[in-house]
Amino acid sequence: MATLTTSLLVMRWELLSAVMMFFASTMKIKFRRNSNHLLAFACGGVGLGMSCWFVTGLLGITLSMETLNHMVDVTKTSFVNVMSMTPATWPMP
């Protein structure tokens with residue numbers, strides 16, 4: 001019994017995110033059947049957010065403002081680097 005309790009305490013956020021993913025998926029299916037596409041889209045967004053939270057929790061990635069700022073800086077630097085390598089007369093399709 002103690003092992004079960006300990007495992008539930010350790011996995012509480014991963015279990016919560018898995019349950020939220022399940023509920024978001026279920027609600028998205030119900031909203032699509034009822035032709036309520038805006039709420040289905042919102043539930044899809046919640047499910048996507050919960051799946052990202054689930055994966056970061058399993059991988060041991062902690063999200064802080066410092067980490068997010070670093071990720072934004074790397075993304076901006078990469079974007080500027082890629083855009084500086086494009087030709088000046090890029091052919092438009």
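Please read all numbers here as calculations on a predicted model, not as lab measurements. (Residues numbered from 1 in each chain as written. Predicted model: local features only at pLDDT ≥ 70, side-chain atom pairs only at ≥ 80, totals over all residues. Heavy atoms only, no water.)

1. Remarks on the overall build of the protein
For clarity, the threshold we go by: The secondary structure listing takes helices from DSSP runs of H or I that are at least 4 residues long and strands from runs of E that are at least 2 residues long, numbered from the N terminus. The atom set for the radius of gyration is the C-alpha atoms, and the globule formula is 2.2 Å times the number of residues raised to the power 0.38. Exposure is judged per residue with a 1.4 Å probe applied to protein chains only, and the accessible area is read against the type maximum: over 50% gives exposed, under 20% gives buried, and values in between give partly exposed. Accessible surface area values rest on a Shrake-Rupley calculation with a 1.4 Å probe, where residue burial reflects the displayed protein chains alone.
For the protein, the count of helices and strands is four helices and zero strands. The N-to-C order of helical and strand elements in the protein reads α-α-α-α. Whereas a compact globule of 93 residues would reach a radius of gyration of roughly 12 Å, the protein reaches 20 Å, over 25% beyond that. A principal-axis box enclosing the C-alpha atoms of the protein has dimensions of 65 × 40 × 20 Å. A total of 93 residues make up the protein; the buried ones form 10% of that total. Total accessible area computed for the protein in this model is approximately 7,900 Å², and 73% of it derives from carbon and sulfur atoms.

2. Concerning the confidence of the model for the protein
This is how it is decided: Each residue carries a pLDDT value, the predictor's own confidence for that position, ranging from 0 to 100.
Per-residue pLDDT for the protein averages 84, and the proportion of residues at 70 or more is 90%. Within the protein, the element-level pLDDT minimum falls on helix H1 (residues 2-10), averaging 68, and the maximum on helix H4 (residues 65-84), averaging 91.

3. Some details on a nonpolar patch on the surface
Here is the rule we go by: Each patch is built from residues that are more than 30% exposed by relative accessible area and take part in no salt bridge. Like charges join if they lie within 9 Å; nonpolar side chains (Val, Leu, Ile, Met, Phe, Trp, Tyr) join within 5 Å. Take a side-chain nitrogen of Lys or Arg and a carboxyl oxygen of Asp or Glu: if they are within 4 Å of each other, that pair is a salt bridge.
A grouping of Val55, Leu59, Ile61, Leu63, Met65, Leu68 and Met71 is seen on the molecular surface, where their side chains present a nonpolar patch of about 690 Å² in accessible area. Among the secondary structure elements, those contributing two or more residues to the nonpolar patch are helix H3 (37-59) and H4. With three residues, H4 is the largest single contributor of residues to the nonpolar patch. By the secondary structure assignment, methionine 65 is in helix H4. Among the residues examined, methionine 65 registers a relative accessible area of 58% and is labelled exposed.

4. Quick notes on the environment of phenylalanine 41
Structurally, the position occupied by phenylalanine 41 is in helix H3. We classify phenylalanine 41 as exposed; its relative accessible area is 68%. Put simply, phenylalanine 41 and lysine 76 are 35 residues apart on the chain and 28 Å apart in space, counted from C-alpha to C-alpha.

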